[in-house]
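Chain by chain, the residues run as shown.
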Amino acid sequence: MPPTLASLVHHSALKLTVRAGEERLDAPVRWAHASELADPVPYMEGGELLLITALKLDAEDPEAMRRYVKRLAGAGVVGLGFAVGVHYPDIPKALIDAATDAGLPLIEVPRRTPFLAISKAVSAAIAAEQYRAVTAGFAAQRELTKQALSDGPEGLLLALAGQVDGWAALYDASGTVVAAAPEWAARRAARLTADVERLRERPAPASSVVAGAEDRIELHSLGTGRRPRAALAVGTASTLGTAERYAVHSAIALLTLTTERSRSLHAAEQRIGAAVLRMLLAGEPDHARTVAGELYGGLLDAPFRLVVAEVASASAARVRAGAEGTGESGGAPDTAPGTASAAVLAAVADASANGDPLAALVDVVEAAAARSGEALLVVPYGERLVLLVVDGGAGARACAEYAAALEAGRGAAGREAASGEEAELVMGLSAPAGPIAAATAYKQSEQALSVARRRGRALVEHEELAAGSVLPLLADDAVRAFADGLLRALHEHDATGRGDLVASLRAWLSRHGQWDAAAADLGVHRHTLRYRMRRVEEILGRSLDDPDVRMELWLSLKATSMGSD
């Protein structure tokens, strides 16, 4: 405890006597200051014990004393020490009455007690308090370090909660509570998600204070990088003291070291993951399982899905999506935008602000997998990101949630006439597979990624490709160019008015080469139709008896008709 007026009054060497304001002697004293100015208030900071001899005061004037004492109390002076036997043999009644009315402690200082002795006593008490705080802080640091080494972050939080006589909670990069002490604090900490998300938007290190109805909470970001890796919340009934502040700072340092160490371990794990992925794609599942060991072995024991993600130009995606119109089949991800968690929505907003959607995706999926205890393999693969997630697990659901939130945001941006070359994330998801079929799963995810890029979708699952139609794929510019080139001679022939070869070819192919049915559709004789089909063969130099030729012509007709719609 810092020195108080009561501790000074009880100091046997000072011989001080209380003459007014006995009920406020528990006020802490920040310093003892002597001043004979008629108005020392401009030089006060608050919390001082002011020592005077009334050299320049009319201490017997009641009105002057009321004004003097009122200004001192208003400036935060906690007490007034009056030296008797110097200019006044006793404290004048006017000053005693004014101090009593204002509730300001008035202390009589005997002539044999110099003001310097009081200042020394205050200074010694402050120094002793600071020493106790530093000692307690070092003891707290040792205890926190011991708990961190033996029981990890959970043990550290429990020790910190005891040190500050409150509670503590740890948040991951997505703003989700991962540990809290005591256990009931997890519910309290979960209500601070929005405050943690705002803290994450600021460069680390950053801190903020949240004043609640039941406690006072300090939030601190953890990590040394541009983007905080985690956050610490500390809740107490009142403002932290010096010793408690040392404990919090020690916890921040230890948790930051933990996150940085975790980052180094994560990089090493990622290199192992890259080796495992290369072996799987090379068709060496046994070697991959051996290298994976306990780290990724569990992931290879159950069906998994491969996710390939990359960043595409938003404007190019909009052009492709607009060109394909509504003909593209396949719905949005299974997770509806409204079900996306607050952490996922925050990650989407963070990716939009920082321009790094791949990093935001990793944060979301890793946090989800960690909470469920799932194994997860994340490997940068050139400009792409490859993830192995448990089929039906939290990681796969997090990908779907993230994609749904992205598409909801893109829909809103589209209504505001979005423009520019901002980056947009696209993902392809394979069908469930095992280690022996990893190469096939990778090819499936690449195919799904290609379709997602073309459709302007955030996520496409490989199962959607077979469930839809191949016809929308004909909207590709290369396919249209091929179709235009193949049918150009027929269109030029029809433009001269010498016959309707294109329409006749379409009718004949749609009727699977049935002459009577196709002729009836056209309203011509079947011999006329036979003549036109011979002209088609002559002009194109191809035989309609060849099924490949018929297929190419039919697809070309469909592609050109889609382009003219």
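Residues numbered from 1 in each chain as written. Predicted model: local features only at pLDDT ≥ 70, side-chain atom pairs only at ≥ 80, totals over all residues. Heavy atoms only, no water.

With respect to the overall build of the protein
- If you tally the helices and strands in the protein, you get 19 helices and 15 strands.
- Looking at the protein as a whole, 46% of its 565 residues qualify as buried.
- Accessible surface computed for the protein: about 27400 Å², of which carbon and sulfur atoms make up 54%. (Helix = DSSP H or I, 4+ residues; strand = E, 2+ residues; numbered from the N terminus. Buried < 20%, exposed > 50% of the residue type's maximum accessible area, 1.4 Å probe, protein only. Areas by Shrake-Rupley, 256 points an atom, 1.4 Å probe, with all protein chains shown as cover.)

Points about the sheet that holds strand β7 (residues 177–181)
- Here we have five strands laid out as an open sheet, ordered β7-β6-β10-β9-β8, and antiparallel in their pairing. Looking along the sheet, the strands with just one partner apiece sit at the ends: β7 and β8 (207–211). Neighbour-to-neighbour, the strand axes of the sheet open up by a mean angle of 15°, direction not taken into account.
- As judged from the seven bridges shared by strand β9 (residues 216–222) and strand β10 (residues 230–236), these two strands associate in the antiparallel manner. (Pairing = 2+ DSSP bridges. Axes fitted to C-alpha atoms, helices over the stretch in contact; angles between N-to-C directions.)

Considering the packing of helix α15 (residues 477–495) against helix α18 (residues 526–540)
- As a packed pair, α15 and α18 sit with axes 10 Å apart at the nearest point and diverge in direction by 125°. Classified by the angle between their axes, α15 and α18 sit oblique to one another. At the point where α15 passes α18, the crossing takes the right-handed sense. Touching L486, A489, L490 and H493 of α15 are R535, V536, I539 and L540, all from α18.
- Its residues assigned to classes, the contact of α15 with α18 comprises six nonpolar, one polar and one charged. (Parallel < 35°, antiparallel > 145°, perpendicular 65-115°, else oblique. Left-handed = near helix turned anticlockwise from the far one by under 90°. Contact = heavy atoms within 4.5 Å. Nonpolar A, V, L, I, M, F, W, Y, C, P; charged D, E, K, R; others polar.)

Quick word on the pattern of salt bridges
- One pass over the full model with this rule turns up 25 salt bridges.
- With its nearest N and O atoms 3.0 Å apart, the salt bridge here joins D215 to R188. Highlighted residues: D215 in the loop between β8 and β9 and R188 in helix α5 (residues 185–190), separated in sequence by 27 residues. In terms of burial, D215 and R188 fall into one category: buried.
- The salt bridge involving D521 is made with R511; its shortest N-O contact spans 2.6 Å. (Salt bridge = Lys/Arg side-chain N within 4 Å of Asp/Glu carboxyl O.)

Let's talk about the packing of aromatic side chains
- All told, the structure shown has three aromatic pairs when counted by the stated rule.
- Ring geometry for F82 against Y88: centres 6.1 Å apart, planes inclined by 55°, an arrangement best described as tilted.
- Judged by its relative accessible area of 0%, F82 is buried.
- Pairing W508 with W515 gives two aromatic rings, centres 5.5 Å apart and planes at 35°, and the pair type is tilted.
- Assessed through its relative accessible area of 7%, W508 is described here as buried. (Phe/Tyr/Trp six-rings, centres within 6.5 Å; stacked < 30°, edge-to-face > 60°.)

Brief notes about unusual backbone geometry
- Put simply, A181 and P182 share a cis peptide bond, and its omega is -10°.
- Looking at where P182 falls in the secondary structure, it is placed in the loop between β7 and α5.
- You will see that K15, though not glycine, has its phi angle at about 60°, which is positive.
- Structurally, K15 can be placed in the loop between α1 (5–9) and β1 (17–20).
- Look at K15 and you get partly exposed, because its relative accessible area is 45%.
- With phi around 55°, D165 is a residue other than glycine that occupies positive phi space.
- As for its position among the elements, D165 is in the loop between α4 (115–164) and β6 (167–171).

Focus: α4
- Over its 50 residues, α4 runs only 37 Å from end to end, short of the ideal 74 Å by more than 12%, given 1.5 Å per residue.
- When the local axis directions of α4 are compared, the greatest deviation, roughly 145°, occurs at D151, which is followed within four positions by the proline P153. (Expected span 1.5 Å × (residues − 1). Bend = angle between axes of the 7 residues up to and from the residue.)

Points about the pairing of strand β13 (residues 384–390)
- The buried fraction of β13 amounts to five of the seven residues, a majority that puts the element mostly inside the structure.
- In terms of strand pairing, strand β12 (residues 377–381) meets β13 through five bridges, oriented antiparallel. Within β13, the position partnered with P380 by the bridge is L385.
- Counted between consecutive antiparallel strands, the loop separating β12 from β13 contains two residues, among which G382 sits at a positive phi close to 70°.

So, the side chain of D172
- Mapped onto the secondary structure, D172 falls in the loop between β6 and β7.
- For D172, a relative accessible area of 12% puts it in the buried group.
- Here D172 is in contact with V178, R229, A230, A367 and R371, once residues within four sequence places are set aside.

Thoughts on the sheet that holds strand β3 (residues 48–52)
- If you trace the five strands from one edge of the open sheet to the other, you get β1-β5-β4-β3-β2, paired in mixed fashion. The outermost strands of the open sheet, each flanked by one partner alone, are β1 and β2 (31–34). On average, each strand axis in the sheet is tilted by 30° relative to the strand beside it, whichever way the strands run.
- Strand direction decides the pairing type here: β3 and strand β4 (residues 79–83), joined by four bridges, are parallel. Its bridge partner being in β4, L50 is matched across the sheet by L80.
- Helix-sheet contacts for helix α3 (residues 93–102) involve β1, β4 and β5 (106–109), and the interaxial angle to β1 is about 75°.
- Set on the sheet, α4 makes contact with β2, β3, β4 and β5; between it and β2 the angle comes to about 160°.

Some details on the pairing of β7
- Where β6 and β7 come together, four bridges link them in antiparallel fashion. From the neighbouring strand, Y171 faces β7, where its bridge partner is V177.
- Remark: five residues form the turn of the hairpin made by β6 and β7, two consecutive strands paired antiparallel; G175 in that turn has positive phi of roughly 90°.

A few points about the packing of α15 against helix α16 (residues 501–510)
- Packing of α15 against α16 brings their axes to within 8 Å, and their N-to-C directions diverge by 125°. Taken as axis vectors, α15 and α16 run oblique relative to one another. On α16, the residues that touch L490, H491, H493 and D494 of α15 are L501, V502 and L505.
- Here the contact of α15 with α16 is composed, by residue class, of four nonpolar, two polar and one charged.

Considering helix α11 (residues 357–372)
- Its 16 residues give α11 an end-to-end C-alpha distance of 23 Å, which sits within 8% of 22 Å, the value for a rise of 1.5 Å per residue.
- Looking at α11, one finds that the buried residues are P357, L358, A360, L361, V362, D363, V364, V365, A367, A368 and A369.
- Just downstream of α11, G373 is the residue with a positive phi angle, here 75°.

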